Amino acid sequence: TWHIKKIPQIVSERTFSLDRPKFEAKTKLELNSVCGIECQRKLPVPSLSDLKDLLSYETVFENGTRTLTEVNVHGLVLDPAGNTTTRKSLRKKRQIYGTDSRFSIYDKRFMTNFPFNTAVKISTGCSGILISPKHVLTAAHCLHNGKDYVKGSKRLRVGLMKMKSRGDGRKRKGAKRNGMPSFQWTRVKSTHIPKGWFKGVSGDIALDYDYAVLELKRPHKRKYMELGISPTIKMMPGSMIHFSGFDNDRSGQLVYRFCSISDESNDLFYQYCDAEPGSTGSGIYLRLKESNKKKWKRKIIAVYSGHQWVDVNGEQQDYNVAVRITPLKYAQICFWIHGNDENCTQG
């Protein structure tokens, strides 16, 4: 069941202009030497002043200008337990773990309907998910490497799936057009990235803050997926998560997968869903019952950060990592969508 929680408030305190970014960073779909699950366990709980700094955010606009918004946090109860984790079996493997369990969605009845139609393609090579008529959730590292914005993010676009009509281009002999989507590309008006992602704030890339929200220049008319607060592993049916994205090794296909979570910290899920670069930034969702209702509802509970190499006791290990939507992150993303905290009191 989705349990309704009271959400802390994130309030904008002041916004000021920054220099224009250079947009010269290279896009990296895999990250190295980030703080892994062992490292996470040793981290202290951030103080309120730390959180105010980490949750302050940069906004980059279509014309290349940039602002920094400082925020305050109200109504937050800090968890003294720190980065507690639930350990399950861990394996040292690659992106595809044993038998490839991904499904390519070919049937247009599925591809153009909920929940698969909420998946979008980001022009820098990642995936994302529709979270409002004008907003897309994706991974921060698809747009920013911790020091500068990536080259393709200056003229960022979002591709919404559409089915190719019979008149789209020449049909090669023997080629099948069924299930091959094309994209309707929409320009991005502005991009929000939490300050916690930037190296100057955290000292290194802070995986906990690998998320970003894009505001589209024009609203779409599709069904989008609502945000939810990420439950713990033991509160999920079979500990199973689901997500769809555009994996690089299956060009032009929407790829769906589901798997169980192996481990968790307060801010991250560690799992072994089969995935390849390109699916980074996909929205991870659950299907649970609504409180006091018999209806089932899907909600986004994490952002797929991708396949990460981490340093564990001097050895390189790899995980597939997802950034959980905590009450604080829910409050921040909700604030970005609505421009105020009035619509973000419960989640």
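Here the structure is shown first, and the text comes after it.
What counts, and at which threshold
- Residues numbered from 1 in each chain as written.
- Predicted model: local features only at pLDDT ≥ 70, side-chain atom pairs only at ≥ 80, totals over all residues.
- Heavy atoms only, no water.
- Helix = DSSP H or I, 4+ residues; strand = E, 2+ residues; numbered from the N terminus.
- Buried < 20%, exposed > 50% of the residue type's maximum accessible area, 1.4 Å probe, protein only.
- Contact = heavy atoms within 4.5 Å.
- Areas by Shrake-Rupley, 256 points an atom, 1.4 Å probe, with all protein chains shown as cover.
- Phe/Tyr/Trp six-rings, centres within 6.5 Å; stacked < 30°, edge-to-face > 60°.
- Disulfide = S-S within 2.5 Å.

(A) Seen up close, the overall build of the protein chain. A count of helical and extended segments in the protein chain gives five helices and 18 strands. Looking at the 347 residues of the protein chain, the share that counts as buried comes to 54%. In the protein chain, once contacts between residues fewer than 6 apart in sequence are set aside, the share between residues at least 24 apart is 74%. For the protein chain, the accessible surface area stands at approximately 16600 Å², while carbon and sulfur atoms represent 47% of it.

(B) Representation of the packing of aromatic side chains in the model. Evaluation of the coordinates by the stated rule reveals six aromatic pairs. Summarising the aromatic geometry, the rings of Tyr 57 and Trp 336 are spaced 5.4 Å apart at their centres and angled 75° between planes, so their arrangement reads as edge-to-face. Highlighted residues: Tyr 57 in strand β3 (residues 57-61) and Trp 336 in helix α5 (residues 327-338), separated in sequence by 279 residues. Judged by its relative accessible area of 6%, Tyr 57 is buried. Of the residues examined, Trp 336 reaches a relative accessible area of 5% and is grouped as buried.

(C) Spotlight on the state of the cysteines. This model, assessed by the stated rule, comprises two disulfides. With its sulfur 2.1 Å from that of its partner, Cys 126 forms a disulfide with Cys 142. Residues Cys 126 and Cys 142 are joined by a disulfide whose S-S torsion is about -95°; by sign, that bridge is left-handed. Placement of the pair is Cys 126 in the loop between β6 (119-122) and β7 (127-130) and Cys 142 in the loop between β8 (135-138) and β9 (157-163), with a sequence separation of 16 residues.

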